[in-house]
Amino acid sequence: PNSKSGDGKPRLLLMGQRRSGKSSISSVVFHKLPPSETLYIEATTRVKKESMHSFMDFQVWDFPGHVDYFDPAFDTENIFEEIGALIWVIDAQDEYIDAIMRLHKTILNLQQHYPAINVEVFVHKVDGLSDDFRQDTFRDIIQRVQDDLSDAGFENAPVSFYQTSIYDHSIFEAFSKVIQKLIPQLPTLEALLNSLCLSCRIEKAYLFDVLSKIYIATDTSPTDIGNYELCSDYIDVIVDVSEIYGWDRPEGEAGEEEYGESGNQDAESLITMEKKGNNYLYLREINKSVFQRPESASMADPKQSRYLALICLMGEDSSAEKKALIDYNVGVFQEALKQVFPR
Ligand code: GDP
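Residues numbered from 1 in each chain as written. Predicted model: local features only at pLDDT ≥ 70, side-chain atom pairs only at ≥ 80, totals over all residues. Heavy atoms only, no water.

The name an unreviewed UniProt entry assigns to the protein is GTP-binding protein, from the organism Aulographum hederae CBS 113979. Its UniProt record gives the protein a comment under Subcellular location (unreviewed entry), which states: "Endomembrane system". (UniProt positions renumbered as here; feature names shortened; annotations may be inferred.)

> Where do I start with the packing of aromatic side chains in this structure?
The description of an aromatic ring pair rests on the distance of the ring centres and on the angle between the ring planes. Scanning all chains against the criterion turns up 8 aromatic pairs. On the numbers, 5.6 Å between centres and 90° between planes, the contact of phenylalanine 122 with phenylalanine 175 is edge-to-face. Remark: phenylalanine 175 occurs in helix H5 (residues 170–180) and phenylalanine 122 occurs in strand E5 (residues 118–124); sequence separation between them is 53 residues. Relative accessible area serves as the criterion here: at 0%, phenylalanine 175 is assigned to the buried category. Between tyrosine 206 and tyrosine 215, the aromatic rings sit 5.0 Å apart at their centres with planes inclined by 65°, giving edge-to-face as the arrangement. One exposure class covers both tyrosine 206 and tyrosine 215, and it is buried. An aromatic cluster is defined as three or more aromatic residues linked by ring pairs; in this entry it consists of Phe172, Tyr206, Phe208, Tyr215 and Tyr228. (Phe/Tyr/Trp six-rings, centres within 6.5 Å; stacked < 30°, edge-to-face > 60°. Helix = DSSP H or I, 4+ residues; strand = E, 2+ residues; numbered from the N terminus. Buried < 20%, exposed > 50% of the residue type's maximum accessible area, 1.4 Å probe, protein only.)

> Help me understand unusual backbone geometry, please; the structure alone is not making it clear to me.
Negative phi characterises most residues that are not glycine, and trans characterises most peptide bonds. Despite not being glycine, lysine 125 has its phi angle at roughly 65°, a positive value. The residue lysine 125 is located in the loop between E5 and helix H4 (131–151) in this model. With phi around 50°, arginine 201 is a residue other than glycine that occupies positive phi space. Judged by its relative accessible area of 59%, arginine 201 falls in the exposed class.

> Is there a simple way to explain the nonpolar core in this structure?
As a rule of thumb, nonpolar side chains are buried together in soluble globular proteins. Grouped together as the largest cluster of nonpolar side chains are 66 residues, with contacts concentrated most on Ile25, Phe122, Phe175 and Leu310. If near-sequence neighbours (up to four positions away) are discounted, phenylalanine 122 is found in contact with Ile25, Ile87, Trp88, Val89, Ile90, Tyr162, Thr164, Ile171, Ala174, Phe175 and Val178. Residues Leu13, Leu86, Trp88 and Val119 belong to the second largest nonpolar core, which totals 29 residues. (Core = buried A, V, L, I, M, F, W, Y, C linked by side-chain atoms within 4.5 Å. Contact = heavy atoms within 4.5 Å.)

> For this particular structure, what's the right way to read the pattern of salt bridges?
Here the idea is simple: oppositely charged side chains can pair when their charged atoms come close. The final tally for this structure, using the stated rule, is 9 salt bridges. For aspartate 219, the salt bridge is made with lysine 204, and the minimal N-O distance between the two is 3.5 Å. You can see aspartate 219 sitting in the loop between strand E8 (214–218) and helix H7 (225–245) and its partner lysine 204 sitting in strand E7 (residues 204–209), a full 15 residues away along the chain. Residue classification places lysine 204 among the buried positions, given a relative accessible area of 1%. One salt bridge in this structure joins lysine 323 and aspartate 327, with 3.1 Å as the shortest N-O distance. Pair noted here: lysine 323 and aspartate 327 are both in helix H8 (residues 320–340), with a separation of 4 residues, about one helical turn. A relative accessible area of 16% means that lysine 323 is categorised as buried. (Salt bridge = Lys/Arg side-chain N within 4 Å of Asp/Glu carboxyl O.)

> Would you explain the sheet that holds E7 in this entry?
Strand pairs in the sheet, formed through backbone hydrogen bonds, run parallel or antiparallel to each other. Taken in spatial order, the 5 strands make up an open sheet running E8-E7-E11-E10-E9, and their pairing is antiparallel. With partners counted over all chains shown, the strands left at the sheet margins are E8 and strand E9 (271–276), one partner each. Going across the sheet, the axis of each strand differs from the next one's by a mean of 25°, ignoring polarity. Here 6 bridges tie strand E10 (residues 279–285) to strand E11 (residues 308–314), and the two strands are oriented antiparallel to one another. Paired with tyrosine 282 across the two strands is cysteine 312, which belongs to E11. Each of E7, E9, E10 and E11 touches H8; the most contacted strand, E10, lies at about 40° to it. (Pairing = 2+ DSSP bridges. Axes fitted to C-alpha atoms, helices over the stretch in contact; angles between N-to-C directions.)

> Quick question: what am I supposed to make of helix H3 (residues 97–113) here?
Since there are 3.6 residues in each turn of an α-helix, residues three or four apart along the chain are aligned in direction. For H3, which comprises 17 residues, the first-to-last C-alpha distance of 25 Å matches the rise-based estimate of 24 Å (1.5 Å per residue) to within 8%. Among all positions in H3, only Ala99, Ile100, Leu103, His104, Thr106, Ile107, Leu110 and Gln111 are buried. (Expected span 1.5 Å × (residues − 1).)

> Just checking my understanding: could you explain the environment of methionine 101 for this structure?
Structurally, methionine 101 can be placed in helix H3. C-alpha separation for the pair methionine 101 and aspartate 148, spaced 47 residues apart in sequence, amounts to 8.7 Å.

> What is the right way to look at the side chain of threonine 38 in this model?
Summarising the element assignment, threonine 38 is placed in the loop between helix H1 (22–31) and strand E2 (48–50). In terms of polar contacts, threonine 38 uses its side chain to reach the backbone carbonyl oxygen of proline 35, at 2.7 Å. Ignoring anything within four residues of it in the chain, the contact list for threonine 38 reads Ser24, Val28, Leu33, Ile166 and Tyr167. (Polar contact = N/O pair within 3.5 Å; in protein donor to acceptor, adjacent residues only side chain to side chain.)

> Is there a simple way to explain the packing of helix H6 (residues 186–200) against H8 in this structure?
Between two packed helices, what matters for the description is the angle formed by their axes and the separation of those axes. Interhelical geometry of H6 versus H8 gives an angle of 165° and a closest axis separation of 10 Å. Between H6 and H8, the angle is such that the two are roughly antiparallel. In terms of crossing hand, the pair formed by H6 and H8 is right-handed. Along its contact with H6, which presents Thr188, Leu189, Leu192, Leu193, Leu196, Ser199 and Cys200, the element H8 presents Lys322, Leu325, Ile326, Asn329, Val330, Phe333, Ala336, Leu337 and Val340. Here the residues of the contact of H6 with H8 are counted per class, giving 12 nonpolar, 3 polar and 1 charged. (Parallel < 35°, antiparallel > 145°, perpendicular 65-115°, else oblique. Left-handed = near helix turned anticlockwise from the far one by under 90°. Nonpolar A, V, L, I, M, F, W, Y, C, P; charged D, E, K, R; others polar.)

Structural data, given as structure tokens:
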């Protein structure tokens, strides 16, 4: 219900004080910039709309001291109407009292006008803090925000907190949780993934947004950041390789066999299975039109609409039969997805 944009994509808005890390987050997650290179990027100077070929839509806002973004002169209406979640970035390595005060004002405003927007607080740059200090800081921030809100009469405002850093996978994990709240079909997706795991003895299955490597759903078995890392690294390898050979090559072109593409009703989709250490990884590109209404699908740029992949992690053998079993069940899964997201 919160993903209000016309094309059905979840919309996110990233806000926070200057130097809190907004541009870095957006560059690392959505433009694949190595974290260490964020030292050299320019700080966000004003409202910046990002357009990206992803499952979600995304904007970055800074608030220079003089801009009151709830000023009637400032056209917030259009923007906030479309937003599913506001991500508020707080620099945990810096003085944060001021940031909390501004966050508080923003939440009060949102509660009044747009109570459906989730507020997601990223307590950011926690990589620089010792374990103890990090936990204390995190607790302190939560406490202050909640105390302020309950003083103002809001006991149950939709505010959640995450510890994040661009130097590890925590930023991707946090984004994944934020996005999942905006997908009304999540319980159905989880049930489908559960049943896929059960029928093929898969340990963990993720539905990934390929570009950002945020997962929009996973089965309900416990998540483990190590599994996420394996799958995320695998996407890097596959996407790199497929870019070399051309992910969207037409059927029958050279190079196809190397990916073991077979038994595939969707001629364009990429399927691979590989051993990584003690695990087997299976990747299949998911019907790119599943999440898109036809009118918004870009004809000009086929890459634009190609953003979901199913990745499965298995510990055991990967006989040809096993792969055939998975291929078959993933086909069933893909058909079910089309029912969940009718066009
Ligand atoms: P913005 O003004 O909010 O867009 O902030 P920037 O993205 O320009 O970031 C300001 C500084 O914070 C840069 O030097 C980044 O390298 C640094 N930074 C961003 N994220 C992190 C993080 O997770 N950990 C650490 N240690 N530094 C970060």
